[in-house]
Amino acid sequence: MTDAEIVWMLSTDESDQADLGQWLARLTRRPSWHTEAACRGAGTDAFIIGRGCNAAVNARARAICAGCTVSEQCLDYALADVDTMGVWGGTTGRQRRAMRAAVA
Ligand code: SF4
């Protein structure tokens, strides 16, 4: 069973229960700015970086972000969603937690 299926089973939203396909489409929908993202096609492995990750992998992801034209939108999106993991808008999850704490 996938994570998406588990979340669907736990959902209390009746519209989710009625149409799994529609729910999955909503779950996987990308924000409009994502069409301009420099990381498109780079693969999630390059950006979803776990604990104790290799510094070179982290630096490579952030270097792609440095040349991205939608990094501001990307960072805003990631700051608004505490569940985002890995590098977004040139920041790590730890950096975003610190940014949220600084404005709280
Ligand atoms: S800022 Fe980085 S993570 Fe965000 S869309 Fe651009 S390349 Fe991708």
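Residues numbered from 1 in each chain as written. Predicted model: local features only at pLDDT ≥ 70, side-chain atom pairs only at ≥ 80, totals over all residues.

Colleague: Lay out the overall build of the chain in plain terms, naming residues and giving numbers.
Modeller: The helix and strand inventory of the chain stands at six helices and zero strands. Secondary structure of the chain in N-to-C order comes out as α-α-α-α-α-α. For the chain, the proportion of its 104 residues judged to be buried stands at 12%. Once local pairs closer than 6 in sequence are excluded, the contacts in the chain between residues at least 24 apart make up 44%. (Helix = DSSP H or I, 4+ residues; strand = E, 2+ residues; numbered from the N terminus. Buried ≥ 20, exposed ≤ 12 C-beta atoms within 10 Å, placed from the backbone. Contact = placed C-beta atoms within 7 Å.)

Colleague: Now, about the site of the ligand: what can you tell me, with residues and values included?
Modeller: Close to the ligand lie 14 residues, the nearest being A37, C39, C65, C68 and C74. If you list the elements that add at least two residues to the shell around the ligand, you get α4 (55-66) and α5 (71-80). When the residues that make up the shell around the ligand are grouped by side-chain class, the tally is 11 nonpolar, three polar and no charged. (Near = placed C-beta within 6 Å. Nonpolar A, V, L, I, M, F, W, Y, C, P; charged D, E, K, R; others polar.)

Colleague: Run through the nonpolar core, naming residues and quoting values.
Modeller: In terms of nonpolar packing, the biggest core is built from seven residues, these being A61, C65, V70, C74, A78, V87 and W88. Residue assignment for this core shows that the elements contributing at least two residues are α4 and α5. When neighbours within four sequence positions are excluded, W88 is seen to be in contact with C74, L75 and A78. (Core = buried A, V, L, I, M, F, W, Y, C linked by C-beta atoms within 7 Å.)

Colleague: Quick rundown of the confidence of the model for the chain? Include the residues and the values.
Modeller: For the chain, per-residue confidence averages 81 on the pLDDT scale, and 73% of positions sit at 70 or higher. Per-element mean pLDDT across the chain ranges from 58 in helix α1 (residues 3-10) up to 96 in α5. (pLDDT = per-residue confidence, 0-100.)

Colleague: Can you lay out the environment of P31 for me, pointing to particular residues and giving the numbers?
Modeller: Tracing the backbone shows P31 in the loop between α3 (20-28) and α4. The exposed category is assigned to P31, around which 12 C-beta atoms lie within 10 Å. The sequence separation of P31 and C74 amounts to 43 residues, and the corresponding C-alpha distance is 9.1 Å.

Colleague: So what about α5? Which residues, and what values?
Modeller: Among the residues making up α5, those that are buried are S71, C74 and A78. Seen from one end, α5 has its buried residues packed into an arc of 60°, which puts them on one side. Away from the buried face of α5 by more than 90 degrees, exposed residues E72 and A80 are located. Buried residues in α5 make contact with α4 and α6 (93-103). (Arc of directions from axis to C-beta.)

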